[in-house]
Structure formats: structure tokens, C-alpha cells
Amino acid sequence: MGEFIAGIIFEIVGQVIFTLVGYLLGYPGAALRWFISRTWKSQKSFQAFVDDGNLLNGLVFILACGLLIFGLYQLGNLKVFS
């Protein structure tokens, strides 16, 4: 009985974390996609990017953060700033 309750609690906590992370990363990812599309003179609204889904927007945001961290790391390896 205890394992059953622990499994239910684990699933509930997992869904809550997945939802929160989706919303926390989804909107910045949508904003990034919207900003990039505006540079190409797209008329697609911000709400349309939000409606594309949190998973896609979250992945775009995670990729952008990874590229930013990698770029800053490479910039730090240059001997210009030392």
C-alpha cells in the first residue's frame, strides 16, 4: 500500500515539475523565437509562438542558453581579456 501511495505522489510531483518548467522555459523560448522572426519582418504574433507549445519553446530556450554559455566559455579562453 505504501509503494502505491509513493508512486502516486511521485507521478503528481513529476507532473507539477514538468508543468512549471514548461511554463518557466516556454515563455522565454517563445520570446526568443518571436524576436528572431521579427528580424526577418515576420508578422506572426507572440501569441502564435506561445501556442506552438511549451516543449518546442523550452527546447529553443535551453539550446540558446547552451550556446550562450559555450560562447562565453570560448570568449573566456581568448587571451585578449587576460
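Computed from a predicted model, the values in this text were never measured in an experiment.

**Student:** Account for the pattern of salt bridges, with residues named and values stated.
**Tutor:** Enumeration over the complete set of coordinates arrives at two salt bridges. Between R33 and D52 there is a salt bridge, and its shortest N-O distance comes to 2.9 Å. In this pair, R33 is assigned in helix α1 (residues 2-39) and D52 in the loop between α2 (46-51) and α3 (54-77), connecting sequence segments 19 residues apart. By relative accessible area, R33 is classed as buried at 17%. For the salt bridge of K44 with D52, the shortest nitrogen-to-oxygen distance reads 3.4 Å. The partly exposed category is assigned to K44, whose relative accessible area is 34%. Assessed through its relative accessible area of 37%, D52 is described here as partly exposed. If you follow the salt bridges from partner to partner, you end up with R33, K44 and D52 in one network.

**Student:** Talk me through the side chain of S37; I want residue IDs and the actual numbers.
**Tutor:** Tracing the sequence through the fold places S37 in helix α1. When residues no more than four places from it in sequence are discounted, the contact partners of S37 are S42 and F49.

**Student:** Please provide a residue-by-residue account of a nonpolar patch on the surface, values included.
**Tutor:** A surface patch of nonpolar side chains, about 1200 Å² in accessible area, is lined by M1, F4, I5, I8, I9, I12, V13, V16, I17, L20, V21 and L24. Of note, F4 is situated in helix α1.

**Student:** Requested: an account of the layout of surface pockets, with residues and values cited.
**Tutor:** In this structure, the largest pocket occupies an estimated 210 Å³ of space. Looking at the largest pocket, the residues that line it are F18, T19, V21, G22, Y23, L25, N54, L55, G58, L59 and I62. Of all the elements in the fold, those that place two or more residues in the lining of the largest pocket are α1 and α3. Here the element with the most residues in the lining of the largest pocket is α1; it accounts for six residues. A breakdown of the residues in the lining of the largest pocket according to their chemical character gives seven nonpolar, four polar and no charged.

Reading guide: rules and limits
- Residues numbered from 1 in each chain as written.
- Predicted model: local features only at pLDDT ≥ 70, side-chain atom pairs only at ≥ 80, totals over all residues.
- Heavy atoms only, no water.
- Salt bridge = Lys/Arg side-chain N within 4 Å of Asp/Glu carboxyl O.
- Helix = DSSP H or I, 4+ residues; strand = E, 2+ residues; numbered from the N terminus.
- Buried < 20%, exposed > 50% of the residue type's maximum accessible area, 1.4 Å probe, protein only.
- Contact = heavy atoms within 4.5 Å.
- Patch = residues over 30% accessible without salt bridge, like charges linked within 9 Å, V, L, I, M, F, W, Y side chains within 5 Å.
- Areas by Shrake-Rupley, 256 points an atom, 1.4 Å probe, with all protein chains shown as cover.
- 1 Å grid on protein atoms, 1.4 Å probe; cavity = no way out; pocket = protein on both sides within 12 Å on 5 of 7 lines; lining within 4 Å.
- Points joined across faces, edges and corners; volume = space filled by probe spheres on them.
- Nonpolar A, V, L, I, M, F, W, Y, C, P; charged D, E, K, R; others polar.

In short, geometric facts, not functional conclusions.
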